[in-house]
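Structural characterization, general
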Amino acid sequence: MALSSTTEVEQIEQAPKPAVFTERIEIIDIIRGVALLGILILNIPYFSMEEYFSEPWSQDTSNPNFWVHAVNVILFEGKMRALFSMVFGAGIVLFTTNKEKSGRSATWLFYMRMIWLTLFGLAHAHLILWIGDILYFYGLIGMLAFLFRKMKPKYLAMGVPIVAVIGFVASTLFMQNIRGEYLAYKEVKALQDSGVELGEDQLAALEAWEETRKEMIPNKEEVVENTLLMKGSYADVASHIRPKAWDSQTKYLIFSVWDMLALMLLGIALYKWGFLTMKWTQAQYIKTIWIGYGIGLPLVIFSFVYNTIHFHNVESALAFFEKHPINWVALIYDFQRILIMMAHVALVIVLYQKGLFSWLMKGWRAVGQLAFTNYVMHSVICTLVFFGYGLSQYAEWEYYQLYYLVVGIWIFQLLISPIWLKYFLFGPLEWLWRCLTYGRVQPFVRR
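The numbers attached to residues start from 1 for each chain and follow its sequence in the written order. Given that this is a predicted model, residues contribute local features only at a pLDDT of at least 70 and side-chain atom pairs are listed and counted only at 80 or more, while totals for whole chains, interfaces and linings are drawn from all residues. Working from all heavy atoms in the structure, the side-chain values ignore hydrogens and water.

Running from N to C, helix α8 (residues 220-230) and helix α9 (residues 234-249) cross one another at 130°; their axes reach a closest spacing of 7 Å. Accordingly, the angle class assigned to the pair α8 and α9 is oblique. Taken together, the residues of α9 that come into contact with α8 (itself represented by N226, L229 and M230) are D236, V237, S239, H240 and I241. Classification convention: Asp, Glu, Lys, Arg as charged; Ala, Val, Leu, Ile, Met, Phe, Trp, Tyr, Cys, Pro as nonpolar; all other residues, Gly among them, as polar. For the contact of α8 with α9, the class distribution of residues is four nonpolar, three polar and one charged. Note on definitions: angles span 0 to 180 degrees between N-to-C directions of axes, and those axes are lines fitted to C-alpha atoms, for helices only across the stretch in contact. Runs of E in the DSSP output that reach at least two residues are strands. Runs of H or I that reach at least four are helices, and both are numbered from the N terminus. Orientation labels follow simple angle bins: below 35 degrees gives roughly parallel, above 145 gives roughly antiparallel, 65 to 115 gives roughly perpendicular, and whatever is left gives oblique. Only heavy atoms enter the contact rule, under which two residues are in contact if any of them lie within 4.5 Å.

Written out as C-alpha coordinates, the structure reads:
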(Lines give C-alpha, C1' and ligand atoms only; values in the text may rest on other atoms or scores of the structure.)
Protein backbone atom coordinates (compact mmCIF):
# COMPACT_ATOMS: atom_id res chain seq x y z
CA MET A 1 0.00 0.00 0.00
CA ALA A 2 1.48 3.33 -1.02
CA LEU A 3 1.85 6.20 1.41
CA SER A 4 -1.16 8.44 1.04
CA SER A 5 -2.38 11.60 2.66
CA THR A 6 -5.60 13.47 3.12
CA THR A 7 -6.21 17.19 3.18
CA GLU A 8 -8.14 19.26 5.68
CA VAL A 9 -9.05 22.92 5.62
CA GLU A 10 -7.18 25.00 8.17
CA GLN A 11 -8.30 28.57 8.79
CA ILE A 12 -5.30 30.75 9.66
CA GLU A 13 -5.47 33.89 11.69
CA GLN A 14 -4.06 36.41 9.22
CA ALA A 15 -6.45 38.76 7.40
CA PRO A 16 -8.09 38.24 4.99
CA LYS A 17 -8.19 34.73 6.46
CA PRO A 18 -7.24 32.64 3.43
CA ALA A 19 -7.67 28.87 3.66
CA VAL A 20 -4.53 26.76 3.34
CA PHE A 21 -4.16 23.02 3.07
CA THR A 22 -2.06 20.83 5.30
CA GLU A 23 -1.26 17.19 4.70
CA ARG A 24 -1.84 14.46 7.25
CA ILE A 25 0.51 11.52 7.02
CA GLU A 26 -1.75 8.50 7.12
CA ILE A 27 0.67 6.07 8.76
CA ILE A 28 1.28 8.46 11.67
CA ASP A 29 -2.48 8.67 12.29
CA ILE A 30 -2.61 4.87 12.22
CA ILE A 31 0.22 4.55 14.75
CA ARG A 32 -1.43 7.17 16.97
CA GLY A 33 -4.66 5.19 16.80
CA VAL A 34 -2.88 1.99 17.85
CA ALA A 35 -1.26 3.82 20.77
CA LEU A 36 -4.52 5.43 21.85
CA LEU A 37 -6.43 2.15 21.96
CA GLY A 38 -3.49 0.37 23.58
CA ILE A 39 -3.29 2.90 26.41
CA LEU A 40 -6.74 1.82 27.60
CA ILE A 41 -5.35 -1.67 28.32
CA LEU A 42 -3.14 -0.23 31.05
CA ASN A 43 -5.44 2.56 32.23
CA ILE A 44 -8.62 0.60 32.89
CA PRO A 45 -7.49 -1.13 36.14
CA TYR A 46 -6.90 2.31 37.68
CA PHE A 47 -10.48 3.30 36.90
CA SER A 48 -11.92 0.11 38.30
CA MET A 49 -9.75 -1.78 40.81
CA GLU A 50 -8.97 -1.13 44.46
CA GLU A 51 -5.39 -0.78 45.72
CA TYR A 52 -3.38 -4.02 45.79
CA PHE A 53 -5.92 -5.68 43.47
CA SER A 54 -3.27 -8.02 42.04
CA GLU A 55 -1.97 -9.39 45.36
CA PRO A 56 -4.40 -12.36 45.64
CA TRP A 57 -3.34 -13.80 42.27
CA SER A 58 0.07 -12.21 41.58
CA GLN A 59 1.82 -15.60 41.91
CA ASP A 60 -1.11 -17.88 41.10
CA THR A 61 -0.41 -19.29 37.63
CA SER A 62 -3.73 -21.19 37.69
CA ASN A 63 -5.66 -17.91 37.76
CA PRO A 64 -6.64 -16.31 34.42
CA ASN A 65 -5.96 -12.89 35.95
CA PHE A 66 -2.27 -13.78 36.27
CA TRP A 67 -1.89 -14.58 32.57
CA VAL A 68 -3.88 -11.58 31.35
CA HIS A 69 -1.67 -9.41 33.55
CA ALA A 70 1.47 -11.15 32.24
CA VAL A 71 0.51 -10.46 28.61
CA ASN A 72 -0.26 -6.83 29.45
CA VAL A 73 3.07 -6.29 31.19
CA ILE A 74 5.13 -8.07 28.53
CA LEU A 75 3.53 -6.60 25.40
CA PHE A 76 1.83 -3.35 26.41
CA GLU A 77 2.85 -1.91 29.78
CA GLY A 78 4.94 1.22 29.15
CA LYS A 79 5.07 0.50 25.41
CA MET A 80 1.75 2.16 24.51
CA ARG A 81 2.53 5.26 26.56
CA ALA A 82 5.98 5.37 24.95
CA LEU A 83 4.38 5.06 21.52
CA PHE A 84 1.88 7.82 22.24
CA SER A 85 4.66 10.13 23.50
CA MET A 86 6.80 9.35 20.47
CA VAL A 87 3.99 10.20 18.04
CA PHE A 88 3.33 13.39 20.02
CA GLY A 89 6.96 14.35 19.45
CA ALA A 90 6.63 13.73 15.72
CA GLY A 91 3.49 15.87 15.81
CA ILE A 92 5.53 18.81 17.07
CA VAL A 93 7.60 18.73 13.88
CA LEU A 94 4.52 18.27 11.68
CA PHE A 95 2.72 21.20 13.29
CA THR A 96 5.63 23.60 13.11
CA THR A 97 6.75 22.56 9.62
CA ASN A 98 3.31 23.14 8.14
CA LYS A 99 3.16 26.61 9.66
CA GLU A 100 6.72 27.57 8.69
CA LYS A 101 6.09 26.54 5.07
CA SER A 102 3.65 29.41 4.84
CA GLY A 103 6.36 31.81 6.02
CA ARG A 104 4.94 32.30 9.51
CA SER A 105 6.47 31.71 12.90
CA ALA A 106 5.03 28.65 14.60
CA THR A 107 6.29 29.50 18.08
CA TRP A 108 3.40 31.60 19.35
CA LEU A 109 0.77 29.25 17.93
CA PHE A 110 2.51 26.19 19.31
CA TYR A 111 2.80 27.60 22.82
CA MET A 112 -0.85 28.65 22.75
CA ARG A 113 -1.67 25.10 21.70
CA MET A 114 0.32 23.64 24.61
CA ILE A 115 -1.09 26.07 27.17
CA TRP A 116 -4.62 25.04 26.22
CA LEU A 117 -3.62 21.36 26.31
CA THR A 118 -2.28 21.86 29.84
CA LEU A 119 -5.58 23.43 30.90
CA PHE A 120 -7.52 20.59 29.27
CA GLY A 121 -5.36 18.20 31.30
CA LEU A 122 -6.24 19.96 34.55
CA ALA A 123 -9.94 19.72 33.67
CA HIS A 124 -9.55 16.07 32.70
CA ALA A 125 -7.93 15.22 36.04
CA HIS A 126 -10.00 17.40 38.38
CA LEU A 127 -13.42 17.54 36.71
CA ILE A 128 -13.68 14.21 34.87
CA LEU A 129 -11.58 12.74 37.70
CA TRP A 130 -9.03 10.67 35.82
CA ILE A 131 -6.00 10.30 38.07
CA GLY A 132 -3.80 9.08 35.19
CA ASP A 133 -4.25 12.08 32.88
CA ILE A 134 -1.35 12.73 30.46
CA LEU A 135 -2.66 15.84 28.68
CA TYR A 136 -1.35 18.13 31.44
CA PHE A 137 2.13 16.62 31.21
CA TYR A 138 2.15 16.66 27.41
CA GLY A 139 1.25 20.34 27.43
CA LEU A 140 4.09 21.27 29.80
CA ILE A 141 6.72 18.89 28.44
CA GLY A 142 5.73 19.63 24.83
CA MET A 143 6.83 23.25 25.42
CA LEU A 144 10.23 21.93 26.45
CA ALA A 145 10.52 19.41 23.58
CA PHE A 146 9.72 22.22 21.12
CA LEU A 147 13.07 23.85 21.93
CA PHE A 148 14.92 20.78 20.58
CA ARG A 149 12.93 20.30 17.37
CA LYS A 150 15.73 21.49 15.06
CA MET A 151 18.47 19.43 16.69
CA LYS A 152 20.12 16.68 14.64
CA PRO A 153 18.35 13.31 15.00
CA LYS A 154 21.40 11.48 16.35
CA TYR A 155 21.61 13.88 19.29
CA LEU A 156 17.89 13.63 19.94
CA ALA A 157 18.06 9.83 19.97
CA MET A 158 21.01 9.94 22.39
CA GLY A 159 18.63 11.53 24.87
CA VAL A 160 16.83 8.21 25.39
CA PRO A 161 19.65 6.27 27.14
CA ILE A 162 20.83 9.43 28.92
CA VAL A 163 17.36 10.17 30.24
CA ALA A 164 16.82 6.49 31.11
CA VAL A 165 19.88 6.64 33.36
CA ILE A 166 18.79 9.99 34.84
CA GLY A 167 15.33 8.58 35.49
CA PHE A 168 16.82 5.47 37.12
CA VAL A 169 19.04 7.59 39.38
CA ALA A 170 16.13 9.89 40.31
CA SER A 171 13.79 6.99 41.13
CA THR A 172 16.56 5.21 43.05
CA LEU A 173 17.22 8.30 45.18
CA PHE A 174 13.49 8.61 45.78
CA MET A 175 13.22 4.97 46.85
CA GLN A 176 16.31 5.26 49.03
CA ASN A 177 14.70 8.16 50.86
CA ILE A 178 11.62 6.01 51.53
CA ARG A 179 13.87 3.10 52.50
CA GLY A 180 15.75 5.31 54.98
CA GLU A 181 12.47 6.40 56.58
CA TYR A 182 11.32 2.79 56.81
CA LEU A 183 14.56 1.54 58.39
CA ALA A 184 14.51 4.42 60.89
CA TYR A 185 10.89 3.58 61.71
CA LYS A 186 11.70 -0.11 62.29
CA GLU A 187 14.58 0.77 64.57
CA VAL A 188 12.49 3.19 66.65
CA LYS A 189 9.52 0.80 66.71
CA ALA A 190 11.74 -1.93 68.14
CA LEU A 191 12.83 0.43 70.91
CA GLN A 192 9.24 1.47 71.57
CA ASP A 193 8.09 -2.16 71.76
CA SER A 194 10.84 -2.92 74.27
CA GLY A 195 9.56 -0.15 76.57
CA VAL A 196 12.21 2.50 75.88
CA GLU A 197 10.98 6.07 76.23
CA LEU A 198 11.30 7.77 72.86
CA GLY A 199 12.97 11.11 72.30
CA GLU A 200 11.89 13.95 70.02
CA ASP A 201 13.92 12.75 67.01
CA GLN A 202 12.62 9.23 67.38
CA LEU A 203 9.01 10.39 67.54
CA ALA A 204 9.68 12.48 64.43
CA ALA A 205 10.97 9.34 62.66
CA LEU A 206 7.72 7.50 63.48
CA GLU A 207 5.69 10.45 62.25
CA ALA A 208 7.69 10.76 59.00
CA TRP A 209 7.19 7.11 58.12
CA GLU A 210 3.48 7.21 58.97
CA GLU A 211 3.03 10.20 56.65
CA THR A 212 4.88 8.43 53.82
CA ARG A 213 3.08 5.14 54.45
CA LYS A 214 -0.33 6.79 54.39
CA GLU A 215 0.45 8.46 51.05
CA MET A 216 2.28 5.59 49.35
CA ILE A 217 1.24 2.39 51.11
CA PRO A 218 -2.31 2.55 52.53
CA ASN A 219 -3.17 -0.21 54.98
CA LYS A 220 -6.08 -2.59 54.56
CA GLU A 221 -8.49 -0.38 56.52
CA GLU A 222 -7.55 2.64 54.38
CA VAL A 223 -8.04 0.59 51.21
CA VAL A 224 -11.59 -0.20 52.35
CA GLU A 225 -12.21 3.50 53.08
CA ASN A 226 -10.83 4.51 49.67
CA THR A 227 -12.99 1.92 47.93
CA LEU A 228 -16.10 3.27 49.67
CA LEU A 229 -15.20 6.77 48.50
CA MET A 230 -14.85 5.55 44.92
CA LYS A 231 -18.30 3.97 45.17
CA GLY A 232 -19.79 7.14 46.64
CA SER A 233 -21.00 10.45 45.22
CA TYR A 234 -19.11 12.71 42.81
CA ALA A 235 -17.85 14.70 45.81
CA ASP A 236 -16.64 11.49 47.52
CA VAL A 237 -14.73 10.36 44.41
CA ALA A 238 -13.27 13.85 43.92
CA SER A 239 -12.06 13.97 47.54
CA HIS A 240 -10.01 10.84 46.87
CA ILE A 241 -8.82 11.54 43.30
CA ARG A 242 -8.03 15.26 43.31
CA PRO A 243 -5.30 15.34 46.00
CA LYS A 244 -3.49 12.42 44.34
CA ALA A 245 -3.78 13.98 40.89
CA TRP A 246 -2.51 17.32 42.19
CA ASP A 247 0.49 15.68 43.89
CA SER A 248 1.32 13.95 40.61
CA GLN A 249 1.06 17.24 38.71
CA THR A 250 3.15 19.24 41.19
CA LYS A 251 5.12 17.40 43.86
CA TYR A 252 6.15 14.50 41.60
CA LEU A 253 6.28 16.39 38.30
CA ILE A 254 10.08 16.22 38.23
CA PHE A 255 9.89 12.42 37.98
CA SER A 256 7.52 12.55 34.97
CA VAL A 257 9.47 15.05 32.87
CA TRP A 258 12.41 12.88 31.86
CA ASP A 259 10.59 9.89 30.46
CA MET A 260 8.10 11.83 28.33
CA LEU A 261 10.70 14.34 27.14
CA ALA A 262 13.06 11.59 25.97
CA LEU A 263 10.29 9.80 24.10
CA MET A 264 9.10 13.00 22.42
CA LEU A 265 12.67 13.71 21.30
CA LEU A 266 12.92 10.14 20.00
CA GLY A 267 9.72 10.72 18.03
CA ILE A 268 11.22 13.85 16.45
CA ALA A 269 14.38 11.90 15.56
CA LEU A 270 12.47 8.97 14.06
CA TYR A 271 10.34 11.37 12.03
CA LYS A 272 13.43 13.11 10.66
CA TRP A 273 15.08 9.76 9.90
CA GLY A 274 12.01 8.70 7.94
CA PHE A 275 11.16 5.75 10.18
CA LEU A 276 7.67 7.12 10.88
CA THR A 277 7.02 8.15 7.28
CA MET A 278 7.90 4.79 5.66
CA LYS A 279 11.11 6.00 4.03
CA TRP A 280 12.95 2.93 5.26
CA THR A 281 13.01 -0.22 3.19
CA GLN A 282 10.73 -3.08 4.13
CA ALA A 283 13.82 -5.14 4.94
CA GLN A 284 14.89 -2.50 7.48
CA TYR A 285 11.49 -2.58 9.16
CA ILE A 286 11.55 -6.38 9.31
CA LYS A 287 15.04 -6.22 10.83
CA THR A 288 13.69 -3.79 13.44
CA ILE A 289 10.94 -6.29 14.29
CA TRP A 290 13.45 -9.12 14.80
CA ILE A 291 15.82 -7.01 16.90
CA GLY A 292 13.05 -5.37 18.94
CA TYR A 293 11.24 -8.56 19.84
CA GLY A 294 14.39 -10.71 19.86
CA ILE A 295 16.10 -8.63 22.54
CA GLY A 296 13.15 -6.87 24.17
CA LEU A 297 10.96 -9.91 24.90
CA PRO A 298 13.62 -11.92 26.80
CA LEU A 299 14.44 -8.80 28.83
CA VAL A 300 10.85 -8.03 29.77
CA ILE A 301 10.04 -11.68 30.53
CA PHE A 302 13.05 -11.87 32.86
CA SER A 303 11.98 -8.61 34.50
CA PHE A 304 8.40 -9.85 34.89
CA VAL A 305 9.49 -13.11 36.54
CA TYR A 306 11.92 -11.27 38.81
CA ASN A 307 9.27 -8.78 39.91
CA THR A 308 6.71 -11.56 40.42
CA ILE A 309 9.11 -13.27 42.81
CA HIS A 310 10.32 -10.21 44.72
CA PHE A 311 7.42 -7.73 44.54
CA HIS A 312 4.24 -9.79 44.66
CA ASN A 313 2.84 -7.79 47.62
CA VAL A 314 3.69 -4.83 49.85
CA GLU A 315 5.42 -6.95 52.47
CA SER A 316 7.73 -8.62 49.95
CA ALA A 317 8.59 -5.24 48.39
CA LEU A 318 9.48 -3.73 51.78
CA ALA A 319 11.54 -6.81 52.65
CA PHE A 320 13.42 -6.49 49.35
CA PHE A 321 14.23 -2.81 49.81
CA GLU A 322 15.24 -3.43 53.40
CA LYS A 323 18.06 -5.67 52.12
CA HIS A 324 18.77 -4.04 48.74
CA PRO A 325 19.31 -0.26 48.53
CA ILE A 326 19.26 -0.39 44.70
CA ASN A 327 17.06 -2.47 42.40
CA TRP A 328 19.40 -2.88 39.43
CA VAL A 329 16.85 -4.92 37.47
CA ALA A 330 14.79 -1.72 37.11
CA LEU A 331 17.41 -0.55 34.57
CA ILE A 332 15.94 -3.06 32.11
CA TYR A 333 12.60 -1.27 31.96
CA ASP A 334 13.34 1.65 29.64
CA PHE A 335 15.43 -0.41 27.24
CA GLN A 336 12.99 -3.30 26.81
CA ARG A 337 10.01 -0.97 26.36
CA ILE A 338 11.76 1.05 23.62
CA LEU A 339 12.83 -2.12 21.80
CA ILE A 340 9.36 -3.64 21.90
CA MET A 341 7.67 -0.35 21.07
CA MET A 342 9.89 0.03 17.98
CA ALA A 343 9.06 -3.53 16.97
CA HIS A 344 5.32 -2.81 17.37
CA VAL A 345 5.59 0.23 15.10
CA ALA A 346 7.66 -1.62 12.49
CA LEU A 347 5.13 -4.48 12.49
CA VAL A 348 2.22 -2.08 11.88
CA ILE A 349 4.15 -0.39 9.06
CA VAL A 350 4.99 -3.71 7.36
CA LEU A 351 1.35 -4.83 7.56
CA TYR A 352 0.33 -1.47 6.09
CA GLN A 353 2.87 -1.73 3.27
CA LYS A 354 1.64 -5.20 2.41
CA GLY A 355 -1.96 -3.99 2.29
CA LEU A 356 -3.06 -6.36 5.06
CA PHE A 357 -5.97 -5.62 7.42
CA SER A 358 -6.92 -2.54 5.39
CA TRP A 359 -10.28 -2.30 7.20
CA LEU A 360 -8.45 -2.20 10.54
CA MET A 361 -5.93 0.34 9.23
CA LYS A 362 -8.80 2.65 8.24
CA GLY A 363 -10.26 2.31 11.72
CA TRP A 364 -6.93 2.98 13.45
CA ARG A 365 -6.35 5.95 11.19
CA ALA A 366 -9.70 7.52 12.10
CA VAL A 367 -9.20 6.79 15.81
CA GLY A 368 -5.78 8.45 15.56
CA GLN A 369 -7.22 11.56 13.91
CA LEU A 370 -9.72 11.82 16.77
CA ALA A 371 -7.18 10.83 19.45
CA PHE A 372 -7.97 13.72 21.82
CA THR A 373 -11.72 13.10 21.74
CA ASN A 374 -11.32 9.31 21.95
CA TYR A 375 -8.85 9.58 24.85
CA VAL A 376 -11.25 11.69 26.92
CA MET A 377 -14.11 9.39 25.84
CA HIS A 378 -12.25 6.51 27.54
CA SER A 379 -12.38 8.45 30.80
CA VAL A 380 -16.03 9.43 30.48
CA ILE A 381 -17.11 5.84 29.74
CA CYS A 382 -14.96 4.28 32.48
CA THR A 383 -15.88 6.78 35.19
CA LEU A 384 -19.59 6.32 34.43
CA VAL A 385 -19.26 2.53 34.52
CA PHE A 386 -17.06 2.19 37.62
CA PHE A 387 -17.43 5.26 39.86
CA GLY A 388 -20.17 5.57 42.46
CA TYR A 389 -22.04 8.37 40.68
CA GLY A 390 -22.36 6.09 37.64
CA LEU A 391 -22.99 2.34 37.68
CA SER A 392 -20.78 1.92 40.78
CA GLN A 393 -18.92 -1.13 39.48
CA TYR A 394 -15.66 -0.15 41.20
CA ALA A 395 -13.95 -3.21 42.77
CA GLU A 396 -16.75 -5.46 41.50
CA TRP A 397 -15.11 -7.11 38.46
CA GLU A 398 -12.34 -9.65 38.07
CA TYR A 399 -9.24 -8.22 36.41
CA TYR A 400 -9.66 -10.28 33.23
CA GLN A 401 -13.30 -9.17 32.91
CA LEU A 402 -12.18 -5.55 32.42
CA TYR A 403 -10.96 -6.45 28.95
CA TYR A 404 -14.43 -7.32 27.73
CA LEU A 405 -15.22 -3.63 28.24
CA VAL A 406 -11.90 -2.63 26.62
CA VAL A 407 -12.73 -4.63 23.49
CA GLY A 408 -16.24 -3.14 23.45
CA ILE A 409 -14.82 0.41 23.58
CA TRP A 410 -12.30 -0.47 20.84
CA ILE A 411 -15.03 -1.76 18.53
CA PHE A 412 -17.21 1.29 19.18
CA GLN A 413 -14.40 3.77 18.46
CA LEU A 414 -13.13 1.87 15.42
CA LEU A 415 -16.66 1.96 13.96
CA ILE A 416 -17.79 5.44 14.97
CA SER A 417 -14.58 7.37 14.23
CA PRO A 418 -14.58 6.80 10.43
CA ILE A 419 -18.30 7.63 10.31
CA TRP A 420 -17.73 10.88 12.21
CA LEU A 421 -14.93 11.94 9.84
CA LYS A 422 -17.24 11.52 6.83
CA TYR A 423 -19.21 14.51 8.08
CA PHE A 424 -16.76 16.54 10.18
CA LEU A 425 -13.19 17.74 9.73
CA PHE A 426 -12.25 17.17 13.37
CA GLY A 427 -13.43 15.55 16.54
CA PRO A 428 -15.35 17.88 18.89
CA LEU A 429 -12.42 18.31 21.28
CA GLU A 430 -9.90 18.66 18.45
CA TRP A 431 -12.11 21.38 16.98
CA LEU A 432 -12.46 23.20 20.32
CA TRP A 433 -8.70 22.99 20.89
CA ARG A 434 -8.10 24.41 17.42
CA CYS A 435 -10.56 27.28 17.94
CA LEU A 436 -8.92 28.21 21.23
CA THR A 437 -5.42 28.02 19.71
CA TYR A 438 -6.25 30.26 16.75
CA GLY A 439 -8.56 32.55 18.70
CA ARG A 440 -11.51 32.21 16.33
CA VAL A 441 -14.11 29.69 15.22
CA GLN A 442 -12.62 27.14 12.83
CA PRO A 443 -14.32 25.14 10.03
CA PHE A 444 -15.96 22.01 11.46
CA VAL A 445 -18.44 20.47 9.04
CA ARG A 446 -16.91 18.71 6.03
CA ARG A 447 -18.18 20.21 2.78
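Once that is clear, we can look at the side chain of R32. You can see R32 is positioned in helix α1 (residues 26-48). Judged by its relative accessible area of 16%, R32 is buried. Among residues more than four places away in sequence, those in contact with R32 are R24, F84, V87, G368 and A371. Burial classification: accessible surface area is computed with a 1.4 Å probe over protein chains only, and a residue below 20% of its type maximum counts as buried, one above 50% as exposed, and the rest as partly exposed.

In this scheme Phe, Tyr and Trp rings, the latter by its six-membered ring, pair at centre separations within 6.5 Å, and the angle between planes marks the pair as stacked below 30 degrees, edge-to-face above 60, and tilted otherwise. Within the structure shown, the criterion is met by 39 aromatic pairs. Plain terms: the ring middles of F47 and W130 are 3.9 Å apart, the flat faces sit at 20° to each other, and that makes the pair stacked. A residue pair is termed long-range when its members are at least 10 positions apart, and F47 in helix α1 and W130 in the loop between α4 (107-126) and α5 (135-146) qualify at 83 residues. The same class applies to F47 as to W130, namely buried. Aromatic side chains F424 and F444 sit 4.9 Å apart centroid to centroid with 35° between the ring planes, which places their arrangement in the tilted category. With F424 in the loop between α16 (402-423) and α17 (428-438) and F444 in the segment after α17, this residue pair connects regions lying 20 residues apart in the sequence. The class for F424 is partly exposed, based on a relative accessible area of 22%. Through a chain of ring-to-ring contacts, three or more aromatic side chains come together here, namely F47, W130, Y234, F387 and Y389. The positively charged end of R113 is found above the aromatic ring belonging to W433, 3.9 Å away from the centroid. Remark: a charge is flagged as sitting over a ring if the NZ atom of Lys or the CZ atom of Arg is within 6 Å of the ring centre and within 35 degrees of the ring normal.

UniProt positions are given in the numbering used here, feature names are shortened, and annotations may be inferred rather than shown by experiment. Following the UniProt record, one finds the feature "domain: DUF418" (unreviewed entry) at residues 270-439. For the annotated span residues 270-439, helix accounts for 74% and strand for 0% of the residues, and the straight-line distance between the end C-alpha atoms is 32 Å.

To continue, consider helix α15 (residues 371-386). Since the α-helix packs 3.6 residues into each turn, any two residues three or four apart lie on the same face. For a helix, the expected span equals 1.5 Å multiplied by the residue count minus one. Helix length check: α15 (16 residues) gives 22 Å between terminal C-alpha atoms against 22 Å at 1.5 Å per residue, within 8%. Summarising burial for α15: 12 of the 16 residues are buried, a large majority. Every buried residue of α15 is accounted for by A371, F372, T373, N374, Y375, V376, H378, S379, C382, T383, V385 and F386.

Mapping N219 onto the fold places it in the loop between α7 (200-216) and α8. Its relative accessible area of 29% is what places N219 among the partly exposed residues.

In this section: unusual backbone geometry. A positive phi angle is found at M278, which is not glycine, with a value near 60°. The topology assignment puts M278 in the loop between α10 (253-273) and α11 (282-310). M278 sits in the buried class, given a relative accessible area of 13%. You will see that F357, though not glycine, has its phi angle at about 55°, which is positive. One can find F357 in the loop between α13 (332-353) and α14 (358-369).

Close approach of charged atoms allows side chains with opposite charge to pair. Think of a salt bridge as a Lys or Arg side-chain nitrogen and an Asp or Glu carboxyl oxygen that are within 4 Å of each other. Throughout the structure, instances matching the rule amount to 13 salt bridges. The salt bridge involving D29 is made with R32; its shortest N-O contact spans 2.6 Å. With D29 and R32 both in helix α1, this residue pair falls three residues apart, about one helical turn. Note on accessibility: D29 and R32 belong to one class, buried. Residue R213 is joined to E222 by a salt bridge in which the shortest nitrogen-to-oxygen separation is 3.0 Å. With a relative accessible area of 12%, E222 lands in the buried category. Taken together, the salt bridges that share partners define one network made up of R81, D259, D334 and R337.

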